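What follows is each chain in one-letter form.
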Amino acid sequence: PFHMSSVDDFEKWGRENAETMFAHYDGGCVHIHQGNGKHMIQPASTLKGMKIMSIVDENFNDDKAYMHLEEYDKLRGEIPLVITIPYDIFVSMLEKQQLPGNNFYNVKDVPCTDDANRLMEKVRTYRR
């Protein structure tokens, strides 16, 4: 919400409307653009009724959300994030125990179904 504006504008014009809508529908989710909206992760995470937040990468920008997992883990409170991450980086971070929990990882470029199934066995036992 309001990712193209300031946090102050969001607090003045957006919070009440978003919380009213979330209350009507028993919660909600938002997407925030990595390139120009990451300043809204913390304020949006405090919306009453927020269920999950997707951090969207832009194709034209090399600065991707998975590069900021530790930072975003601190900003999002208890709200799960949806993060897109390349397969090889996901595997490396999984093996190094560097993936924050309580997130949904959209792993892209998985070589094959067998690799995905083997990876899921590791994911199921992962704890950080």
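Structure shown above.
Summarised in this report is the structure supplied together with it. Just so it is clear, the model here is predicted, and its values are computed rather than measured.

Cut-offs and rules
Residues numbered from 1 in each chain as written. Predicted model: local features only at pLDDT ≥ 70, side-chain atom pairs only at ≥ 80, totals over all residues. Heavy atoms only, no water. Helix = DSSP H or I, 4+ residues; strand = E, 2+ residues; numbered from the N terminus. Contact = heavy atoms within 4.5 Å. Lys, Arg positive; Asp, Glu negative; His and termini not counted. Charge placed at Lys NZ, Arg CZ, Asp CG, Glu CD. Core = buried A, V, L, I, M, F, W, Y, C linked by side-chain atoms within 4.5 Å. Buried < 20%, exposed > 50% of the residue type's maximum accessible area, 1.4 Å probe, protein only. Phe/Tyr/Trp six-rings, centres within 6.5 Å; stacked < 30°, edge-to-face > 60°. Salt bridge = Lys/Arg side-chain N within 4 Å of Asp/Glu carboxyl O. Pairing = 2+ DSSP bridges.

So, the overall build of the chain
The secondary structure content of the chain amounts to six helices and four strands. Counting from the amino terminus, helix and strand elements in the chain follow one another as α-β-α-α-β-α-β-α-β-α. With the C-alpha coordinates of the chain rotated into their principal frame, the extents come out at 50 × 30 × 25 Å. Counting only contacts in the chain whose residues sit at least 6 apart along the sequence, the fraction spanning at least 24 positions is 58%. The average position of the 15 basic charges and that of the 20 acidic charges among the side chains of the chain differ by 4 Å.

Details of the nonpolar core
With 28 residues, the main nonpolar core has Ile-32, Leu-47, Met-50, Met-53, Ile-55, Ile-83 and Leu-99 as its most contacted residues. Those elements giving two or more residues to this core turn out to be α1 (7–24), β1 (28–33), α3 (41–45), β2 (50–56), α4 (69–75), β3 (81–86) and α5 (87–95). In terms of residue count, the dominant contributor to this core is α5 (five residues). Those residues in contact with Met-50 that sit more than four places away from it in its chain are Phe-22, Gly-28, Cys-29, Val-30, Ala-44 and Ile-79.

Things to note about the packing of aromatic side chains
Going through the model one piece at a time under the given rule, you end up with one aromatic pair. Seen from their ring centres, Phe-90 and Tyr-105 are 5.6 Å apart, and the 55 degrees between their planes marks the pair as tilted. With Phe-90 in helix α5 and Tyr-105 in strand β4 (residues 104–108), this pair connects stretches of sequence that are 15 residues apart.

Observations concerning the pattern of salt bridges
Throughout the structure, instances matching the rule amount to seven salt bridges. For Arg-15, the salt bridge identified is with Glu-11, shortest N-O distance 2.6 Å. Of this pair, Arg-15 and Glu-11 both sit in helix α1, four residues apart, which is roughly one turn of the helix. Between Asp-73 and Arg-76 there is a salt bridge, and its shortest N-O distance comes to 2.5 Å. What emerges from the salt-bridge pattern is a single network uniting Glu-11, Arg-15 and Glu-19.

Describing the environment of Pro-111
By the element assignment, Pro-111 lies in the loop between β4 and α6 (113–125). Between the C-alpha atom of Pro-111 and that of Tyr-87, which follows or precedes it by 24 residues, the distance is 8.2 Å.

Structural notes on the pairing of β1
Alternating residues of β1 divide into Gly-28, Val-30 and Ile-32, all buried, and Cys-29, His-31 and His-33, none buried. The pairing of β1 with β2 spans six bridges and is classified as parallel. Its bridge partner being in β2, Val-30 is matched across the sheet by Met-53.

Some thoughts on unusual backbone geometry
With a phi angle near 60 degrees, Gln-97 is a residue other than glycine that sits in the positive phi range. Inspection of the secondary structure assignment puts Gln-97 in the loop between α5 and β4. Take Gln-97: its relative accessible area is 40%, and that puts it in the partly exposed class. Unusually for a residue other than glycine, Asn-102 sits at a positive phi of about 60 degrees. Positionally, Asn-102 belongs in the loop between α5 and β4.

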